[in-house]
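Each chain, written out:
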Protein chains: 2
Amino acid sequence: MPVSSKSEANAVAAAGFAGIYDPVKPYLAKLDAFLSSQIAEMEPEVQAQVRYVFSHSGKRLRPMLVAYSGWEGPKADNFEQLLRLGAVIELVHLATLVHDDILDEADTRHRQKTAAKKFGSAAAVLIGDVLFSHALKLAADFPTTEVCRAVALATARACAGEIAQTYQRGEVNYDRKFYFRVIQLKTAELFEVSCRLGAEVAGYSEAFAQAAGLFGRHLGIAYQIFDDLVDLYADESMIGKTLGTDLEKGKFTLPLLLLLEQLPADERETLLTRFKAGDENIAADFSERLHAFPIFEAVVEIFEAQLSQANAAIAPFAEKAVPAMQQIAELVRAQLGRLERN
Amino acid sequence: MPVSSKSEANAVAAAGFAGIYDPVKPYLAKLDAFLSSQIAEMEPEVQAQVRYVFSHSGKRLRPMLVAYSGWEGPKADNFEQLLRLGAVIELVHLATLVHDDILDEADTRHRQKTAAKKFGSAAAVLIGDVLFSHALKLAADFPTTEVCRAVALATARACAGEIAQTYQRGEVNYDRKFYFRVIQLKTAELFEVSCRLGAEVAGYSEAFAQAAGLFGRHLGIAYQIFDDLVDLYADESMIGKTLGTDLEKGKFTLPLLLLLEQLPADERETLLTRFKAGDENIAADFSERLHAFPIFEAVVEIFEAQLSQANAAIAPFAEKAVPAMQQIAELVRAQLGRLERN
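Figured I'd write up the structure that's included with this text. Keep in mind it's a predicted model, so treat the numbers as computed, not measured.

**Section: the overall build of chain A**
Item 1. In terms of helices and strands, chain A carries 16 helices and two strands.
Item 2. Split into buried and exposed, the 342 residues of chain A put 60% on the buried side.
Item 3. Across chain A, the fraction of contacts at a sequence separation of at least 24, relative to all contacts at a separation of at least 6, is 79%.
Item 4. For chain A, the accessible area works out to roughly 12,800 Å², and carbon and sulfur atoms hold 52% of it.

**Examining the relation of the copies chain A and chain B**
Item 1. Rotating chain A by 180 degrees and moving it 0.0 Å along the rotation axis overlays it on chain B with an RMSD of 0.0 Å. Between the two chains, the operation in question is that of a two-fold axis. Identified as the residue of chain A closest to the rotation axis by C-alpha distance is Thr145 of chain A, at 2.6 Å.

**Things to note about helix 7 (residues 121–139) of chain B**
Item 1. Compared with an ideal rise of 1.5 Å per residue, which puts 19 residues at 27 Å, helix 7 of chain B spans 27 Å between its outermost C-alpha atoms and is within 8% of the ideal.
Item 2. The buried fraction of helix 7 of chain B amounts to 17 of the 19 residues, a majority that puts the element mostly inside the structure.

**Some points on the environment of Ile225 of chain B**
Residue and element names in this part refer to chain B.
Item 1. Examined against the element boundaries, Ile225 turns out to sit in helix 10 (residues 206–239).
Item 2. Ile225 sits in the buried class, given a relative accessible area of 0%.
Item 3. Along the chain, Ile225 and Thr245 lie 20 residues apart, while their C-alpha atoms are 15 Å from each other.
Item 4. Contact partners of Ile225, with chain neighbours within four places excluded, come to Tyr179, Phe180, Ile183, Leu254, Val299, Ile302, Phe303 and Gln306.

**Here's the deal with the interface of chain A and chain B**
Item 1. Contacts between the two partners involve 41 residues from chain A, matched on the other side by 41 residues from chain B.
Item 2. For the chain A and chain B pair, buried surface summed over both sides reaches about 3,600 Å², with 70% attributable to carbon and sulfur atoms.
Item 3. Residues Glu43 of chain A and Arg181 of chain B are paired through a salt bridge, measuring 2.9 Å at the closest nitrogen-oxygen approach.
Item 4. Those elements giving two or more residues to the side of chain A that touches chain B turn out to be helix 3 (44–55), helix 5 (78–103), helix 7 (121–139), helix 8 (146–168) and helix 9 (176–201) of chain A.
Item 5. In terms of residue count, helix 8 of chain A provides more of the side of chain A that touches chain B than any other element does, 14 residues in total.
Item 6. The residue makeup of the side of chain A that touches chain B, split by class, is 25 nonpolar, seven polar and nine charged.

**A short note on the packing of helix 5 (residues 78–103) of chain B against helix 7 of chain B**
Residue and element names in this part refer to chain B.
Item 1. For the pair helix 5 and helix 7, interaxial distance at closest approach is 8 Å and the crossing angle is 165 degrees. Taken together, the axes of helix 5 and helix 7 are roughly antiparallel relative to one another. The element helix 5 and its partner helix 7 pack so that their crossing is left-handed. Where helix 5 abuts helix 7, its residues Arg84, Ala87, Val88, Leu91, Val92, Leu94, Ala95, Val98, His99 and Ile102 lie against Ser121, Ala124, Val125, Gly128, Asp129, Leu131, Phe132, His134, Ala135, Leu138 and Ala139.
Item 2. The residue makeup of the contact of helix 5 with helix 7, split by class, is 15 nonpolar, four polar and two charged.

**Some thoughts on the nonpolar core**
Item 1. Leu131 of chain A together with Leu131 of chain B are the most contacted members of the largest nonpolar core, which totals 242 residues.
Item 2. Aside from chain neighbours lying at most four places away, what touches Leu131 of chain B is Val50, Val53, Phe54, Leu91, Leu94, Ala95 and Val98 of chain B.

**Describing the environment of Lys249 of chain A**
Item 1. Note on placement: Lys249 of chain A falls in the loop between helix 11 (245–248) and helix 12 (254–262).
Item 2. Separated by 84 residues in the primary sequence, Lys249 of chain A and Gln165 of chain A have C-alpha atoms spaced 9.9 Å apart.

**Focus on the side chain of Thr155 of chain B**
Item 1. By the element assignment, Thr155 of chain B lies in helix 8 (residues 146–168).
Item 2. At 2.7 Å, the side chain of Thr155 of chain B forms a polar contact with the backbone oxygen of Val151 of chain B.
Item 3. Not counting residues within four places of it along the chain, the set of residues in contact with Thr155 of chain B comprises Ser133 of chain A together with Val92 and Phe132 of chain B.

**Comments concerning the pattern of salt bridges**
Item 1. Counted by the stated rule, this structure contains 40 salt bridges over all chains.
Item 2. Residue Glu261 of chain A pairs with Arg176 of chain A through a salt bridge whose shortest N-O separation is 2.9 Å. With Glu261 of chain A in helix 12 and Arg176 of chain A in helix 9, the pair connects residues that are 85 residues apart, well separated along the chain.
Item 3. According to the relative accessible area criterion, Glu261 of chain A is partly exposed, its value standing at 38%.
Item 4. Where salt bridges share partners, they join Arg84 and Asp141 of chain A together with Glu146, Arg149, Arg196 and Glu200 of chain B into one cluster.

Rules used in this analysis
Residues numbered from 1 in each chain as written. Chains lettered and ligands numbered in written order. Predicted model: local features only at pLDDT ≥ 70, side-chain atom pairs only at ≥ 80, totals over all residues. Heavy atoms only, no water. Helix = DSSP H or I, 4+ residues; strand = E, 2+ residues; numbered from the N terminus. Buried < 20%, exposed > 50% of the residue type's maximum accessible area, 1.4 Å probe, protein only. Contact = heavy atoms within 4.5 Å. Areas by Shrake-Rupley, 256 points an atom, 1.4 Å probe, with all protein chains shown as cover. Least-squares fit on C-alpha atoms with pLDDT ≥ 70 in both. Expected span 1.5 Å × (residues − 1). Buried area = accessible area lost by both parts, 1.4 Å probe. Salt bridge = Lys/Arg side-chain N within 4 Å of Asp/Glu carboxyl O. Nonpolar A, V, L, I, M, F, W, Y, C, P; charged D, E, K, R; others polar. Axes fitted to C-alpha atoms, helices over the stretch in contact; angles between N-to-C directions. Parallel < 35°, antiparallel > 145°, perpendicular 65-115°, else oblique. Left-handed = near helix turned anticlockwise from the far one by under 90°. Core = buried A, V, L, I, M, F, W, Y, C linked by side-chain atoms within 4.5 Å. Polar contact = N/O pair within 3.5 Å; in protein donor to acceptor, adjacent residues only side chain to side chain.

This is the structure in structure tokens:
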């Protein structure tokens, strides 16, 4: 059975998380219960579809960021605050997944049919809208408009990132600045907001919340780089498949950009011309060239630099959340380690 | 050139509005300027697409409801408050139009290509998301979370209404209760919120805001009934086209429901069986039968009852907004009148 690189990334991730995130297990259990309880708050016409989307067993990585960044914060009800915020962020994330799967025409996610495949694209547009609207409704239960504002802004930016990427398809923009702009928007924004607001709603200082946001931003960039590596390397080494799906969709991720930078100009032009012409063997050829250069190592270096910046942002603080946040950074590093060992 | 009934409804509406809404002309001019100014606040990757969506010359009916319901309210800055709220509501409305046009596979809206047609469905999903996110970001600029909450809830309900309608397609649910449930969700909710919040942000009392909301709800139901009539009657009488597009999409609107109620059981069953089998002549036959019964008159009666309920809700109040709101109800009635005269 062909396994999409997306499912593979999640399988790798789930295995990597399993033994490590014990401290937030009660939080994640309560989060799932809280999300389930929200179904009854929705209109009867959408409950079955939302229940289906919730049943995808995602990693709940963003709620974990929320929980860790506000861990044992000064507010007496910090756990409840973090629970609600985690639900808001996860709902926004699920909404973007449901919409992204329409764009990508993806069939499966988390080894389950996507909402677009199960209910049709048209219904999936609306299901995503319902999830996003419900997120904002929950966000409005916080005492100030800060959560609504930050979540709305992060979503608008994530969409802009997806649009930039969508419009790139068919063309080739192998500028690193463009790549980092896209992953900053489409991934790192929500990571940043998760951490900053997590610290805030738990009652930590503004200075710490800002640092937590910076931590989230760099962790998000590192995570997306890892995810892009999985697409190109996990399948080949772990299940014998060839080059992943990103290139098929015209997404030039960091490994491919580094390759293009290192190729002699004439070879680069030939490959790009063949890519634009829709040459069927192009993926295999990119893959072959990818292994002729130390690209993996170069990407890991950039990944490590982002993780260091994440850790450096919170290093000066003595807040109880810091060790928990460092642990999650370690977890992301461990996942990349699993990829290297294979 | 074939003109969709949707464009036709808007043409009718625009003509109907032209001479009447002078009092809010400065408001609507400022609203357009405010919306345009928001483009610069968005990420560069989405600005061209948003500018395109804004250029559809819609009627701005919902912002008019906002402006009228809070007209000359007690708050010193009531005009600015109503401007921001009108922009929030219009952005939400535009977002739902962009997404609905994907669902309906519509080619034109307001005599211009839909976003889905112009940029592709995938991009249109994201453009809708950007508009909605930006609406919520603006909503977060109000001092409390009330606007965010109400707008998010209305959007979730509008989506549920669309989902109910989408799932009905192919089947036939000719229950009036179902029809009213759908139009309450997909149209009347946002009308209600426009009026209630308009009164609130302009500083009117909670009692008046509630009454304004009720006004909006009944006006919204009346407006959707008018819109459904246009689909079946405007094209035929005004530009010689046959039955509209709603039935083609499997939407059984009020006139069709009333017809089904009045037909002898065996004829009803025959028509429905042919409809389900995808009979190509079914629209023409429905149209022919529609004119054999006084359906138009029966629908107008239900429309009038809703308008009366709208006006009754605000009649006990002496607020300055009341005459303006009565005027807008009159305007909706005048549009229906234009339809009858043709």
